[in-house]
Structures are given as C-alpha cells and as structure tokens.
Amino acid sequence: MTDPDPGRGGPVVSNGPVALLRGDHSVQNNYFTVPVPDPVELGAQQLGREVLKQWAREAASRDLLGPEPIPVRWRATSGGEVADHAERTGHPGGASTADLASFAAELSHPDRRRLVVLGGPGSGKTSLAVLLVIELLLRMGAGEPVPVLLSLASWRPAEEHLDGWLERQLLRGYPYLERGTLRELIRRKRILPVLDGLDELPAGERPDALDALNDALAEGVPLILTCRTDDYRVAVRASSVLRRAAVVQADPLTAEEAARYLLRVATPQHRERWRPLAEALRADPSCPAAEVLTVPLMLWLCRTAYARPPRGARADGDATGYPGELADRDRFPDTVAVEGHLLDSLVPSVYRREPLPPPPACRKKAREAPWEGRRTDPERVSRWLGFLARHLERRGEPDLAWWELGTAVRLGPRMVVTGLVCAVWVGAVVGPVDGVGAALGYPGPGTGLGPRLLHGIVIGVADILINAVPAAVAFGLAHGIGFAFRGGAPEPSRVRIRLGRGAGRGRARSGREILARAALGIVGGLAGGIGIGLLQGIVRGLLWDEPLALGVGLAGAVLYGGVFAVAGAPAAP
C-alpha cells in the first residue's frame, strides 16, 4: 500500500479487497473493490460446458455411456516404431473404456497432456477420444485447458498453421465465441486439441502434419491424436514420432469377451435371444462370426442391429432376424458375408424414423429447407450412400472430392448433358439479342409493330437453332476430349495472394501454370466462337440467300470468337 502525499487527501493504491480514501477534515471513506472475472476464464468455462453437452449427447447416441461399454483394452507402448523414449513419455499405464477415471487422471497432470491413440479400423479410437473428452471435462478446473474434439480431415498443414486452423474450426463449431477471447484461449494454451484421424489426411501430408504438431508441442501445447497404427507407422518413418507423447494401442477382443459382453448388455427379458450366438462364439472362437465380432465396431453394430426382436417371428423356430443367425455357416460362410450383413443393417439402425433433437444452444439454427427431413429416411440415405460408394469403387480411391462427383455419371450422358446446358445458355443469350436487333432494323415492306415483332421472333428462333446446335456439339465434344486427356474432373484452382512477406508458400498452382491454362481456354473459346460465327454466315447464305451472308459470318466469327475467348480465359484455370 502506498500514499503519494501523507499530508494531503489522495488515493491509496491497494492490491487487496479494500481501498482507503482520506478526504478533507480527516474523513476516511472505505471502498470495497469488486473482483472482475477474467473474460478468458469465462470463455473457457462456457466453451467447456457446451463441448460437454455436445459430446455427452453424441456419446449417448452411440451407446458409449451405457451400463456396459465394450471392454476395449488399451496398452501403453514405449519406444519401438511408434513412440518416443520411455523417460520422456511418462508411464500412463493401460486403460479400458469401462474405467477411464485413472487414465484421465494421469492425463490431467500438466506435464502429461500428450497422447497418441493407435489401433486398427473399427478398434474404437474415436470412441475412446469421445469418452476422454467427457471425462477430462468433468475433471476440468479453473485454469485448465478445455478438451475439444476435432476431425483432422480439413487441415492442410503445408498451407495453414495449426493455430489458424484451430481458430477457424472453433469459430465454425461454436459461433458464440468472440474471436479475441478465442485467440487468447489458444495463445494461453487453454485449448486441448483432441485431433481425430491423422489417417484421414492424404498420405503425402501426414509427415507435414507430424512436423507441425511437434512444433506445437515444443511450444507447450497439450494434444491428443488418433490414427490407424499402420498409417502412423508409415508417417513417422518420413517425419518423426510425436515427441514426449504417450502412445496407447488397442488390444483385440477375444471371442469369450465378445460373448460375455453380448449377454451382459442384453436385458433379462431378451438374454435368451443372444444365448445361441454367445454359445457359438465360445464353442468355436475361429468361426467367421467370432473373427468379425472381436472388432469393437462390428460388435457394437451387431448389438445395435439386433437390439429389437423381429416382428412376426415364425413358430417353427426359424432363427432369421435373431442374433444366432450369424453363426449359421450355410448363410454366412466367411467373414465377408458376416461383415456385409452387419453393414447392410447400419443405415436402418442409425437413421431411424424419429424426431430430431433440438440443436445445441451454441449452434446456429439452420434455415428450414424442404429436404431437411430426408436425412432421417433410411431408404434415401441408403441410396445416397450407395451412389457414393459405387462412385469411389469405380475410381479406386477412398477420397471423395466434391468437384469429382460429376464423374460418377458415365461419360456419354455427361457429354449430352454438358452440351444441352451450354446450348441452352448460348441460345438464351444469342436469340433475344439477335431478335431485338432484327426487329429494330426490319427492312421489310410492311409497316407497324406486328411485322417487326414477327421478323424479330423468326430471326431470334433461327439464330437460337443456328448457334445452340453447334454449341451443344462443340461443348459436348470438348468435355469428352478433356476427360479423355485429363482422366478425371479438373480440380478447381487454388490461388494464393501474397501480401507482404508473411504469406507462406502453399500448394496452389503457380502463375505460369495458371497462364498456360488460361491460354488454352482462350484458344478453345476463340476456335469455338469463330466456328459458330462462320456457320451462322453459311446458314444465312443458304437459307435466305443474303448477299452479305459471308460478311455477316466473318463479323460473327470475330464477335463470337472474342466473347468466347474472354469467357474461356478465367474458366480454364
């Protein structure tokens, strides 16, 4: 406490809850200061509450919070091909989805908030991440980071810094956050990113992602990362393991564990429905059903698909529609047949015909749309997903790009549709313009508005046919030739505008490549426009025997060539 001048009245500076002010005539006034809450702490607590609501609801929809979670065991790994030195990673021990309390307590230590979760397809990596987020949020106190689960699929580590990507994803998912508060949360390391799916990035970008994540870890950022084991092993060979991060891997279930789980999760009224399958798994642990159901995802899908007894059960003891049918080797001779049957039941089990819950308070309510209810229709969802699956199967790649969806249709129909659409647009522009010009310059013997309108309509319709038909042929062939040479749909351009010296070098097309493609567009548009103009002149000469048909054709060639060249220049890149 200080007083600048003890002989005069003045403020007394105090860091405590009470401030003293001495006024005239030695009158002393006492003022109690009201503590102002830290806006960053308020933002962190509010974000934590909303994230907890979001993922608690998601965990409930996935049956992760039920009384009997799937008993997946997670084994800690040190050294080897996927982990850092044991003395740097600590000793997190094992974990189980049935008891995450001690595991989350270990991760709550300030020096041990770095974890890599590895496993095969369907091993429960995302489920573990969801449960960890919920457990850490329930334990979160003042000043601790907020765990937020994000999918890594949209990150391009060579083009965007991790902090910038986190800010963009959090503002999109939680739009009530103020940008300034969010940036302070990121700067103060108050966000614990739980990044799901390193394997969802393109293979060539995974080493860049590991480098960027190691740079973030060097700055003290807490982090949890999930990835498929084989993909992570390949990525660390080209980059580095996640430094000072504990690594846990999923242990496969046994047939006995799967059988015991199915009986425990069933209610007493329905346990007998599951007993034939459980006994078959115990009797023959190498049967196709046992091999499939030791994968946690398939075990969950089996429980979900057969949760309700079939309607109209037959009296002759037919097992169709009951879990025990999976052990029938005549119907399901191998693992492919069992997996296919369970996957066929995925959409009807997940997309049930039931009302949608209200959106979380932190989300913006979407505008009502006519197709809003279709996502709960299992039949439509099955058709859409089947269409996408067949498209990816034909392409032979697992990645889906929106600009390549057009290639899901065969080339012949695509050429026809492309030609017709272009013809409609060309006719819609050329016909009215030529019709109005012909009506204004009507040279006929008749007078009045009627003959002018008739002449303009005739000329407009004729020019639509003259221009639309060759345009359809030209653009349809151009689409087919382009696909034949390129082998797929052209990717949209990504142009980076560099301001100052801060912009990094991305993977956008270079200026030379953009100019080369623009030149091709100019040449193509010029050739098409000249062809249409000359064809228009030839047709005019043959149909109407106009003396200036050749001149009109040449003028049209110059005009259309210039217009099409200008349009083709920006479209080609």
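See the structure shown above.
Trainee: Can you explain the overall build of the chain? Please cite residues and give values.
Mentor: Scanning the chain from terminus to terminus reveals 19 helices and 9 strands. Here the chain, with 573 residues, has 38% of them falling under the buried criterion.

Trainee: An account of the pattern of salt bridges is requested, with residue identities and associated values reported.
Mentor: By the definition in use, this model includes 21 salt bridges. Arg75 is the salt-bridge partner of Asp251, the closest N and O atoms lying 3.0 Å from each other. Within this pair, whereas Asp251 is found in strand β9 (residues 246-251), its partner Arg75 is found in strand β3 (residues 73-77), the two being separated by 176 residues in sequence. Each member of the salt-bridge network shares a partner with another, and the members are Asp38, Glu184, Arg187 and Arg188.

Trainee: Residue-level account of a nonpolar patch on the surface, with values.
Mentor: A grouping of Leu449, Leu453, Ile457, Val461, Ile464 and Leu465 is seen on the molecular surface, where their side chains present a nonpolar patch of about 570 Å² in accessible area. Within the secondary structure layout, Leu449 lies in helix α17 (residues 449-486). On the basis of relative accessible area, Leu449 is assigned to the exposed category, the value being 59%.

Trainee: Help me get a handle on the packing of aromatic side chains, residues and values and all.
Mentor: Aromatic rings in a pair are described by how distant their centres are and how their planes are angled relative to each other. On inspection of all chains with the given rule, the structure shows 2 aromatic pairs. Centroid distance Trp155 to Trp165: 5.9 Å. Interplanar angle 35 degrees. Geometry classified as tilted. Of this pair, Trp155 sits in the loop between β6 (146-151) and α5 (162-173) while Trp165 sits in helix α5; the two residues are 10 residues apart in sequence, bridging distant segments of the chain. Both residues of the pair, Trp155 and Trp165, count as buried. Taking 6.4 Å as the distance between ring centres and 85 degrees as the angle between the ring planes, the aromatic pair formed by Trp274 and Tyr306 counts as edge-to-face. In this pair, Trp274 is assigned in helix α10 (residues 271-283) and Tyr306 in the loop between α12 (296-305) and α13 (335-344), connecting sequence segments 32 residues apart. Residue classification places Trp274 among the buried positions, given a relative accessible area of 4%.

Trainee: Describe helix α6 (residues 179-187), listing the residues and the values that go with them.
Mentor: Burial in α6 covers these residues: Thr181, Leu182, Leu185 and Ile186. One side of α6 carries all its buried residues, which in axial view fall inside an arc of 140 degrees. Looking at the buried residues of α6, the elements they touch are α1 (39-61), α5 and β7 (191-196). Looking one or two residues beyond α6, the residue adopting positive phi is Lys189, at roughly 60 degrees.

Trainee: How would you summarise the environment of Cys287 if you had to cite specific residues and measurements?
Mentor: Tracing the sequence through the fold places Cys287 in the loop between α10 and α11 (288-293). Cys287 sits 40 residues away from Ala327 along the chain, and the two C-alpha atoms are 7.7 Å apart. Ignoring any residue separated from it by four or fewer positions in sequence, one finds Cys287 in contact with Ala280, Leu281 and Arg329.

Trainee: Account for unusual backbone geometry, with residues named and values stated.
Mentor: Positive phi, normally seen in glycine, also occurs at Lys189, with a value near 60 degrees. Relative to the helices and strands, Lys189 resides in the loop between α6 and β7.

Trainee: Run through the nonpolar core, naming residues and quoting values.
Mentor: It is characteristic of soluble globular proteins that their nonpolar side chains tend to be buried jointly. Counting residues in hydrophobic clusters, the biggest one holds 95 residues, and the most contacted among them are Tyr232, Leu242, Leu281 and Leu342. At 9 residues, the largest contribution of residues to this core is made by helix α4 (residues 125-139).

Trainee: Tell me about the environment of Ala283, and name the residues and values.
Mentor: Locating Ala283 in the fold gives a position in helix α10. Residue class for Ala283 comes out exposed when judged on its relative accessible area of 66%.

Trainee: Go over the pairing of β7 with me, naming the residues and quoting the values.
Mentor: Most of β7 is tucked away: 6 of the 6 residues are buried. The alternating pattern of β7 places Ile191, Pro193 and Leu195 on one face and Leu192, Val194 and Asp196 on the opposite face, and all of these are buried. Note: β6 against β7, 6 bridges, orientation parallel. Within β7, the residue paired with Val146 across the bridge is Ile191. In this view, the connection linking β7 to its parallel neighbour strand β8 (residues 223-228) by way of helix α7 (residues 206-218) has right-handed handedness.

Trainee: Explain the packing of α1 against α6 to me, using residue names and the numbers behind them.
Mentor: Contact geometry for α1 and α6: axes closest at 9 Å, N-to-C directions at 90 degrees. The angle between α1 and α6 places the two elements in the roughly perpendicular class. Across from Pro39, Val40, Gly43, Ala44 and Leu47 in α1, the residues of α6 making contact are Thr181, Glu184 and Leu185. For the contact of α1 with α6, the per-class residue count stands at 5 nonpolar, 2 polar and 1 charged.

Trainee: Which residues make up α7, and what are the values?
Mentor: Here α7 spans 18 Å end to end across 13 residues, near enough to the 18 Å set by a 1.5 Å rise per residue. Taken as a whole, α7 has its buried residues at Arg206, Pro207, Ala209, Leu210, Leu213, Asn214, Ala216 and Leu217. Here the buried face of α7 lies against β5 (114-119), α5, β7, β8 and α8 (229-238). Note on α7: the residue one or two positions beyond its end, Gly220, has a positive phi of about 90 degrees.

Trainee: Can you lay out the side chain of Glu167 for me, pointing to particular residues and giving the numbers?
Mentor: Summarising the element assignment, Glu167 is placed in helix α5. Glu167 gets classed as buried once you look at its relative accessible area, which sits at 12%. Polar contacts involving the side chain of Glu167 include one to the side chain of Arg179, which spans 2.6 Å. Among residues more than four places away in sequence, those in contact with Glu167 are Arg179, Leu182, Arg183 and Ile186.

Thresholds applied
- Counting from 1, residues in each chain are numbered in the order their sequence is written.
- Whole-chain, interface and lining totals are the exception, using all residues; otherwise, since this is a predicted model, local features are given only for residues with pLDDT of at least 70 and side-chain atom pairs are given and counted only at 80 or more.
- By convention in this description, side-chain values take in all heavy atoms of the structure and omit both hydrogens and water.
- Strands are runs of DSSP state E lasting at least 2 residues, helices are runs of H or I lasting at least 4, and numbering of each runs from the N terminus.
- Under the scheme applied here, a residue whose accessible area is under 20% of the maximum for its type counts as buried, over 50% as exposed, and between as partly exposed, the area being computed with a 1.4 Å probe on protein chains only.
- Here, a salt bridge means any side-chain nitrogen of Lys or Arg that lies within 4 Å of a carboxyl oxygen of Asp or Glu.
- Nonpolar side chains (Val, Leu, Ile, Met, Phe, Trp, Tyr) are joined into patches within 5 Å and like charges within 9 Å, using only residues with over 30% relative accessible area and no salt bridge.
- Areas reported as accessible are Shrake-Rupley estimates using a 1.4 Å probe. Residue values count occlusion only from the protein chains shown.
- Two rings from Phe, Tyr or Trp (for Trp, the six-membered ring) form a pair when their centres are within 6.5 Å of each other. A pair whose planes differ by under 30 degrees is stacked, one over 60 is edge-to-face, and the rest are tilted.
- The arc refers to the directions leading from the helix axis to the C-beta atoms.
- It only takes one pair of heavy atoms within 4.5 Å for two residues to be counted as in contact.
- In this text, buried Ala, Val, Leu, Ile, Met, Phe, Trp, Tyr and Cys residues form a nonpolar core when linked through side-chain atoms within 4.5 Å.
- Here the rule is simple: two strands pair whenever DSSP picks up at least two bridges between them.
- A clockwise course of the path from the first strand over the helix to the second, judged with the strands pointing away from the viewer, identifies a crossover as right-handed.
- Here the axes come from fitting lines to C-alpha atoms, over the contacting stretch only for helices, and the angles between their N-to-C directions go from 0 to 180 degrees.
- Note that the term roughly parallel is reserved for angles under 35 degrees, roughly antiparallel for angles over 145, roughly perpendicular for angles of 65 to 115, and oblique for everything else.
- By the convention adopted, Pro, Cys, Tyr, Trp, Phe, Met, Ile, Leu, Val and Ala count as nonpolar, Lys, Arg, Asp and Glu as charged, and the other residues, Gly among them, as polar.
- Helix span, expected: 1.5 Å multiplied by one less than the number of residues in the helix.
- Pairing of N or O atoms within 3.5 Å defines a polar contact, subject to two protein rules: one partner must be a possible hydrogen donor and the other a possible acceptor, and residues neighboring in sequence count only if both atoms are side-chain atoms.

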